[in-house]
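Fold and geometry: a report
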Amino acid sequence: MAQSLQLLIAEDNPADAELVIRALRRSGFAPEWQRVDTETDFIASLNDGIELVLSDFDMPQFTGFEALQLVQDRKPDIPLIIVSGTIGEEVAVEAMRRGAADYLLKDRLSRLGPAVKQTLAKSRLQRERRQALEALRESEERFSLAYRSSPAPIAISRRRDLVVLEINDAFLRLFECARGDIVGHTLHDLDLVDTATASTLSRQLNETGEVTGVELASRSRTGRPLYVSISIRVMNLSGEPCALSTVVDITERRQAEIALRESEERFRGLIEHSTDVITVTDSKGLICFQSPSTQRVLGYQAEELMGRSALDLVAPEDVAKVGDGIERAWAGCLDPLPVEYRIRHRDGTWRIFQSIGRSMTDSTGRQQVVINSRDMTETRKLEQQFLRAQRLEAIGTLSSGIAHDLNNILAPMLMITPLLKEKVSERQDLEMLAMIEQGARRGANIIKQLLTFSRGIEGERGPVQTRHLIKEMGEIMRETFPREITVEEKIEPHLRPITADATQIHQVLMNLCVNARDAISKAGRITLAARNVKIEKDEASVQPPRVPGHYVCLTVADTGEGIPAENLDRIFEPFFTTKELGKGTGLGLSTVLGIVKSHGGFVTVASEPGRGTAFHVHLPASMGANAAMNRNEGPRQRGRQELILVVDDEESIRRSLRLFLVRENYRVLAAADGHEALTLFATHQEEVALVLTDLMMPGMNGVTLIRALIAMAPRVRIVAASGLHDQDRSEELDALGVKTVLVKPCGSAEILEAVQRELEQRASDERR
């Protein structure tokens, strides 16, 4: 609850008076006040209700000394504090000598509250002491009345042995005792003060003849803890030296101080455990406080930075903007802006800090700047990763559109080439057609790889002989890598096959080989190796996440510069790269790890700076895959003149499919879009045995067409084809009952197999 205060202010500047009132309110006072700036108004306002006078020193019609003299002449009990912006040291000393309670400068109003409290307390003590002494001097009767009714606890004791002769009612109330309990005993005998305190008071009384405002811990007769301020003066009563002890109960104040100290300790605890770094600088920019969190964030002990410039660790190019931020804080900017900059860690690395500074005045009135700093390094890294991910997503979207167009270009080539092979007999012509078919398939694989890594499409997995991938990669390296780099292959005989997506394993080898090439500065050697490995149970338990079993280990080793030990634990992190800007994205090894893990394998790396690096990719061996890989296909089955409705917006694909299917003894209807397909289907519904439709078409897309066809003929058999993978679309097709979805571009054999499978299922359904 705010403390009321009757206040008279002698001040010619209303704004300064308002500042004084605000300072008092912040210190817990609720002042009722009036301002005057002339002697006449001052005298008229000076009455018994005024508890305190605050006076400017130099006013146009009135001075602080004149105000002080008027108070002393008319109301000497009212204390006066000079609050001025111009008072010098000599004038301040003279003011105190003349009886001013205190003096303050207007730019140090943080001291006003404590000064007022001290002045009021001192004034109250002086007033009570004076009243008691005056009462004693007036008469013994009046002394007794005033003594007993005094609000201040008072005790009178013999000087020679400190035995209590008399106490007043306030003393009895404070110490919760009866008069008979006290009189005739010493305060020490009654255990109201301890031995050490009693000795200290007695010694000080003997040395100086009085004790003034000694604060000590005491207790009442009931054991309640007390904090009191004792003042003792020697006086003669009936010719005998006596000690008059005046006691002020300061229990509430001390408890408030203890609470404040505990609050400060809690605040210090918060500072010490804060994740932010807190720095306090003086007027010269030197650090006078550094929070303990500095060691956790920057590696320095807080004591190491004390006395150093706050700019010592800041990156040279950021010193100017950090300095500007500190200057704005010194200027008292009410809405300071955060400053982001780089600062050097103890290990030599640079951290990104975001700091904000505010001006503060300490308990002595000195101005300081408090800087609160937060480590934003990891946050900025995550933001960069997010931006890179957005760029990759944009690239993926662009890639999808390009892939769709390329699929439509390659599809006719893959379907027409086998037809041409059957009509050509010249060996050279057959070789050229084989080259065209191989190029088209290679392009289709590249498109599939592009979609796999730009949009996360899962490729098809099947039996793979890694020796072929190793040999193919070796040929690519010899053709494209610098001639100074020697490429050699070491493939173990009887190498087990694996079940994998060949395109993805090809990408793993390509990424590792490119890294190996970049690690060799001039001449060197890259070794591609493959061998069978068996992981035993005890070995797997020691080094998880390995699973016991048979593996094929693919190794890419180089004689390059090697990887520093401090980077080995980070090389698989997304976007971590030691390559120059523009020469690496930091995604290669993280992609390698992701692909290998998705195949149930693991990657190990061995490296020594200056002596090269070896990556070992372990992929689970497929023990039964040899039979599947060597299985001979049976004789191909031809159509029985079934009618197939082909729907595709690309004319080249429609024509290619028509030629291929007619050659395989099928009849074909072709539609360029969904609306034409519905018209043809409605006309030939009884004859159409199967619909082969693209999913991505302008106007009515494939899914909408399929839904309309099923509504017309629920048992219609459908084969869908698409150059893009869409999880939502796949789930929708599955819900519609479409089980066969071809991925463009697809070869003639794949198309024929899908058509025959669906027609066989149709025949089976009709027999039921």
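What you see is a predicted model; the values in this text were computed from it and never measured.

1. A word on helix α13 (residues 319-330)
- If you check α13, its first and last C-alpha atoms are 16 Å apart, about what 12 residues at 1.5 Å a residue would give, namely 16 Å.
- Of the surrounding secondary structure, the elements contacted by the buried residues of α13 are β15 (339-344), β16 (350-361) and β17 (367-375).
- After α13 finishes, the residue glycine 332 shows a positive phi value of roughly 80 degrees.

2. Remarks on the confidence of the model for the protein
- Residues with a pLDDT of 70 or more make up 83% of the protein, whose mean pLDDT is 81.
- In this model, residues 581-585 is a region of pLDDT below 50 whose contacts with residues beyond four sequence positions or in other chains number four contacts.
- Confidence over residues 625-635 falls short of pLDDT 50; this stretch has nine contacts with residues more than four positions distant or in other chains.

3. Quick look at the sheet that holds β16
- Reading across the sheet, the five strands line up as β14-β13-β17-β16-β15 and stay open at both edges, with antiparallel pairing between neighbours. Edge strands, defined here as strands with exactly one partner in the open sheet, are β14 (287-290) and β15. Neighbouring strand axes in the sheet, compared pairwise and without regard to direction, differ in orientation by 35 degrees on average.
- When strand β13 (residues 277-281) meets β14, the two strands line up antiparallel, connected through three bridges. Bridge pairing links threonine 281 to isoleucine 287 in β14.
- Taken strand by strand, α13 contacts β13, β15, β16 and β17, and its axis lies near 125 degrees from that of β15.

4. Side note on the environment of leucine 162
- With respect to the secondary-structure elements, leucine 162 resides in the loop between β8 (154-158) and β9 (164-167).
- Taking the relative accessible area as the measure of exposure, leucine 162 reaches 31% and is therefore partly exposed.
- Along the chain, leucine 162 and threonine 186 lie 24 residues apart, while their C-alpha atoms are 5.9 Å from each other.
- Look past the residues within four positions of leucine 162 in its chain and what remains in contact with it is Ser157, His185 and Thr186.

5. A look at the pattern of salt bridges
- Summed over all chains, the structure comprises 34 salt bridges.
- When the shortest N-O distance is used, the salt bridge between arginine 233 and glutamate 210 registers 3.7 Å. Here arginine 233, found in strand β11 (residues 225-237), pairs with glutamate 210, found in strand β10 (residues 210-219); they are 23 residues apart in sequence, far enough to count as distant.
- A salt bridge links glutamate 732 to arginine 707, with the shortest nitrogen-to-oxygen separation between them at 2.1 Å. Placement of the pair is glutamate 732 in helix α25 (residues 727-736) and arginine 707 in helix α24 (residues 702-712), with a sequence separation of 25 residues.
- Through salt bridges with shared partners, a single network forms among Glu11, Asp16, Asp56 and Lys106.

6. So, the nonpolar core
- Counting residues in hydrophobic clusters, the biggest one holds 36 residues, and the most contacted among them are Met477, Leu512, Ile526, Leu554, Val556 and Val617.
- Counting only elements with at least two residues in this core, the list comes to α16 (466-480), β19 (485-491), β20 (498-500), α17 (502-519), β21 (524-535), β22 (549-558), α20 (588-598) and β24 (612-620).
- Not counting residues within four places of it along the chain, the set of residues in contact with valine 617 comprises Val508, Leu512, Val552, Cys553, Leu554, Val596, Phe602 and Val603.
- With 24 residues, the next largest nonpolar core counts Leu643, Leu695, Ile710 and Ile718 among its residues.

7. Points about a nonpolar patch on the surface
- On the surface, Ile409, Met413 and Ile436 cluster together into a nonpolar patch covering about 250 Å² of accessible area.
- The residue methionine 413 is located in helix α14 (residues 377-423) in this model.
- Judged by its relative accessible area of 31%, methionine 413 is partly exposed.

8. Let's talk about the sheet that holds strand β12 (residues 240-249)
- On the basis of which strands lie adjacent, the open sheet formed by five strands has the order β9-β8-β12-β11-β10 and antiparallel pairing. In the strand order of this sheet, the two ends are held by β9 and β10, each with one partner. Strand-to-strand twist of the sheet, defined as the mean angle between neighbouring strand axes without regard to direction, takes the value 25 degrees.
- As defined by bridge partners, β11 adjoins β12 across 10 bridges and the pair is classed as antiparallel. What sits directly across from valine 234, in β12, is alanine 243.

Parameters at a glance
- Residues numbered from 1 in each chain as written.
- Predicted model: local features only at pLDDT ≥ 70, side-chain atom pairs only at ≥ 80, totals over all residues.
- Heavy atoms only, no water.
- Helix = DSSP H or I, 4+ residues; strand = E, 2+ residues; numbered from the N terminus.
- Expected span 1.5 Å × (residues − 1).
- Contact = heavy atoms within 4.5 Å.
- pLDDT = per-residue confidence, 0-100.
- Pairing = 2+ DSSP bridges.
- Axes fitted to C-alpha atoms, helices over the stretch in contact; angles between N-to-C directions.
- Buried < 20%, exposed > 50% of the residue type's maximum accessible area, 1.4 Å probe, protein only.
- Salt bridge = Lys/Arg side-chain N within 4 Å of Asp/Glu carboxyl O.
- Core = buried A, V, L, I, M, F, W, Y, C linked by side-chain atoms within 4.5 Å.
- Patch = residues over 30% accessible without salt bridge, like charges linked within 9 Å, V, L, I, M, F, W, Y side chains within 5 Å.
- Areas by Shrake-Rupley, 256 points an atom, 1.4 Å probe, with all protein chains shown as cover.

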